[in-house]
Amino acid sequence: VSLRLALASDQDPDHAGIAGVLDDISERRRHEQELRHAKDLAEEANRSKGEFLAMMSHEIRTPMNGVIGMSSLLLDTPLESEQREFAETIQNSANILLKIINDILDVSRIEAGKLPIEHYPFRTESLISEVVNLITPIAEQKHLPLYTEIPNHLPPMLEGDPDRIKQVLLNLLNNAIKFTETGSITLSIEINHIDAQIAHLTFNIIDTGIGLSEEQQRRIFQPFTQADSSTTRRYGGTGLGLSISRELAHRMGGDIRLQSVSGQGSTFTLDLPLTLTDTPQQTLPSVSENPPVR
């Protein structure tokens with residue numbers, strides 16, 4: 001029961017009383033218990049799903065790496081043109097599947113609250129160079145020039161998670177290349193401001209691709225979502241990359257914004273706060289020397 005009491009007075013200073021109301025809340029308590037039980041079951045199911053996805057993704061990655069490795073070795077042997085084409089198809093398909101598996105693994109870690117974010121010093125120039133070196137061959141395959149705009153006063157050393165920053169930038173650049181047939185891709189970096197040893201950087205990924213309508217922009221960061229079904233059929237992909245990228249940006253204290261006009265291209269903006277460091281440059285490893293975090 002629920003008991004409510006209030007002072008009752010008839011304005012006689014020599015007499016006063018208390019008025020009480022008793023409510024039977026048995027039914028309400030039963031509903032609350034059922035809701036708590038349902039919530040516990042849902043959370044347990046979500047944890048089980050996340051653990052299953054993480055386990056299966058990890059198990060699938062092992063044979064997929066074997067397929068990729070063996071196809072690479074096969075391509076290093078003398079092959080006829082048709083055989084080489086088959087081997088390259090195997091390798092490309094395996095790489096695409098491995099990317100999907102890695103995305104699913106990240107999604108399961110995000111849902112389980114176990115996505116790691118590191119914090120250690122790195123060379124700013126090394127990170128940018130690695131991103132550009134990895135993405136340039138992909139742009140060249142579509143004959144798209146890749147431009148970079150980097151300020152001269154960019155801090156040479158910063159602290160953060162360079163592997164996750166690189167993952168987000170590669171996701172955004174890959175996305176820009178995938179949806180651009182003609183024109184160019186631009187990666188520009190700006191320093192918004194520096195305060196209390198924190199450098200607030202902005203990375204802009206600008207493309208001249210198909211662009212997005214306002215309705216599509218509202219949905220584009222949702223998991224398993226692309227602009228529309230025809231886009232999915234034409235360009236492929238799971239729609240996980242942008243969702244994961246925004247979640248990573250949030251966990252690093254930043255955000256991702258989008259400006260786009262349908263038919264005229266898009267600009268994805270990554271805002272990140274990164275710590276300035278006075279660690280001697282000669283003691284810092286390059287980004288590629290850091291252990292992988294997947």
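Here the structure is a predicted model, which means the values were calculated and not measured.

**Some points on empty space enclosed by the protein**
- What the rule picks out here adds up to one cavity of 30 Å³ or more.
- Taken as a whole, the largest cavity spans an internal volume of roughly 40 Å³.
- Around the largest cavity, the lining residues are Phe122, Thr124, Leu127, Ile128, Leu158, Ile165, Leu201, Phe203 and Leu274.
- Listing elements by their share of the lining of the largest cavity, those giving two or more residues are helix H3 (124–141) and strand S7 (198–207).
- With three residues, H3 is the largest single contributor of residues to the lining of the largest cavity.
- Along the lines of polarity and charge, the residues of the lining of the largest cavity split into eight nonpolar, one polar and no charged.

**A few points about unusual backbone geometry**
- Positive phi outside glycine occurs at Ala196, with the angle close to 50 degrees.
- Its place among the elements puts Ala196 in the loop between strand S6 (185–195) and S7.
- Backbone geometry at Gln197 places phi at a positive 65 degrees, although glycine is not the residue there.
- With respect to the element layout, Gln197 can be found in the loop between S6 and S7.

**So, the pairing of strand S3 (residues 120–123)**
- Burial along S3 is two-sided: the face carrying Tyr120 and Phe122 and the face carrying Pro121 and Arg123 are both buried.
- For S3 and strand S5 (residues 157–160), the ladder comprises four bridges, and the chain directions are antiparallel. Counted as the bridge partner of Tyr120 is Gly160 from S5.

**Thoughts on the confidence of the model for the chain**
- Of all residues in the chain, 87% have pLDDT values of 70 or greater, and the mean over the chain is 83.
- Within the model, pLDDT remains below 50 along residues 281–294, and this stretch shows 36 contacts once partners closer than five positions in the same chain are excluded.

What counts, and at which threshold
- Residues numbered from 1 in each chain as written.
- Predicted model: local features only at pLDDT ≥ 70, side-chain atom pairs only at ≥ 80, totals over all residues.
- Heavy atoms only, no water.
- 1 Å grid on protein atoms, 1.4 Å probe; cavity = no way out; pocket = protein on both sides within 12 Å on 5 of 7 lines; lining within 4 Å.
- Points joined across faces, edges and corners; volume = space filled by probe spheres on them.
- Helix = DSSP H or I, 4+ residues; strand = E, 2+ residues; numbered from the N terminus.
- Nonpolar A, V, L, I, M, F, W, Y, C, P; charged D, E, K, R; others polar.
- Buried < 20%, exposed > 50% of the residue type's maximum accessible area, 1.4 Å probe, protein only.
- Pairing = 2+ DSSP bridges.
- pLDDT = per-residue confidence, 0-100.
- Contact = heavy atoms within 4.5 Å.

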